[in-house]
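What follows is each chain in one-letter form.
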Amino acid sequence: MRSVTYSMNVSLDGYIVGPDGGFDWTAPDAEVFRFWIDEIREVGVHLLGRRLYETMLYWETADQNPSLDEAEREWAALWNPLPKVVFSTTLSAVQGHARLASGGLTEEIERLRAEPGEGDIAIGGAMLAAEAAESGLIDEYRAMVYPVLVGGGIPFYPQRERRVDLELVETRTFSSGVVYLRHRVSR
């Protein structure tokens, strides 16, 4: 069965964006960007909320930009053909290899798990991840922790009323001080 993973950049105090909505502190250096390129190769479909989808729209045409470096071209070549499902109540259309979700998140994940296919079902966006976590659908939490305190904003970890035990399965420290933590949900 395909794993459902939630992976985002996060500040040390637990936020994916700061109180002003900014996330400029998450700009990856070459080493971290290479890691994300390698990670996206393991994804079979990406589920996104509207905000993250709109942020990632840049990559739909980025490959036409002559100033992109080799790593950015590689990312675009992997990201663009990747199937994406966008959850939004305000968008009426999406671009590229994306489609608007026709049902709820639980139904979409169950359908994707039942279909033949390879690669993880990746979730991007805290609100979408909170809904998946509430339904017990997330198999792994992957946090790229940046050495910054932003003091508020949108939290990485969904607020929950129940305990979820996790098993640490991977860590990596980058020369920039960024730390990758990968935890599997203990079931």
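Scroll up for the structure.
(A) Layout of the side chain of glutamate 108. Take glutamate 108: it is sitting in helix 5 (residues 105-114). A distance of 2.3 Å separates the side chain of glutamate 108 from the side chain of arginine 99, its partner in a polar contact. Other than its neighbours up to four places away in sequence, glutamate 108 contacts Val85, Phe87, Arg99 and Ser102.

(B) Geometry of the layout of surface pockets. Space inside the largest pocket adds up to approximately 1200 Å³. Ranked by the residues each element gives to the lining of the largest pocket, the list is headed by helix 1 (residues 30-40), at six residues. A class-by-class count of the residues in the lining of the largest pocket yields 23 nonpolar, 10 polar and 10 charged.

(C) Broad picture of helix 4 (residues 70-79). Among all positions in helix 4, only Trp75, Ala76 and Trp79 are buried. Seen from one end, helix 4 has its buried residues packed into an arc of 95°, which puts them on one side. Exposed residues pointing more than 90 degrees away from the buried face of helix 4 are listed as Glu70 and Ala77. Looking at the buried residues of helix 4, the elements they touch are helix 1, strand 3 (43-49), helix 2 (50-56), helix 3 (58-61) and strand 4 (84-87). Between a side-chain oxygen at the N-terminus of helix 4 and the backbone nitrogen of alanine 71 the separation is 3.1 Å; the capping residue is aspartate 69.

(D) Region of the structure containing the sheet that holds strand 4. Reading across the sheet, the eight strands line up as 5-4-3-6-1-7-10-9 and stay open at both edges, with mixed pairing between neighbours. At either margin of the open sheet sits one strand with a lone partner, and together these are strand 5 (98-100) and strand 9 (166-173). Each adjacent strand pair in this sheet contributes to an overall mean axis angle of 20°, direction not counted. Taken together, the seven bridges between strand 1 (residues 4-11) and strand 7 (residues 140-146) define a ladder with parallel strand orientation. Within strand 7, the residue paired with methionine 8 across the bridge is alanine 143. Across the face of the sheet, helix 1 comes into contact with strand 1, strand 3, strand 7, strand 9 and strand 10 (179-185) while running at roughly 165° to strand 7.

(E) Seen up close, the nonpolar core. Ranked by size, the top nonpolar core spans 56 residues in total, and within it Tyr6, Leu47, Trp75, Ile123 and Met144 carry the most contacts. With residues up to four places along the chain from it excluded, the contact list for methionine 144 reads Met8, Asn9, Val10, Val32, Phe35, Trp36, Phe174, Val178, Val179 and Tyr180.

Here is what the cut-offs are and how they apply
Residues numbered from 1 in each chain as written. Predicted model: local features only at pLDDT ≥ 70, side-chain atom pairs only at ≥ 80, totals over all residues. Heavy atoms only, no water. Helix = DSSP H or I, 4+ residues; strand = E, 2+ residues; numbered from the N terminus. Polar contact = N/O pair within 3.5 Å; in protein donor to acceptor, adjacent residues only side chain to side chain. Contact = heavy atoms within 4.5 Å. 1 Å grid on protein atoms, 1.4 Å probe; cavity = no way out; pocket = protein on both sides within 12 Å on 5 of 7 lines; lining within 4 Å. Points joined across faces, edges and corners; volume = space filled by probe spheres on them. Nonpolar A, V, L, I, M, F, W, Y, C, P; charged D, E, K, R; others polar. Buried < 20%, exposed > 50% of the residue type's maximum accessible area, 1.4 Å probe, protein only. Arc of directions from axis to C-beta. Pairing = 2+ DSSP bridges. Axes fitted to C-alpha atoms, helices over the stretch in contact; angles between N-to-C directions. Core = buried A, V, L, I, M, F, W, Y, C linked by side-chain atoms within 4.5 Å.

From the geometry alone we can't say anything about function, so treat these as descriptive.
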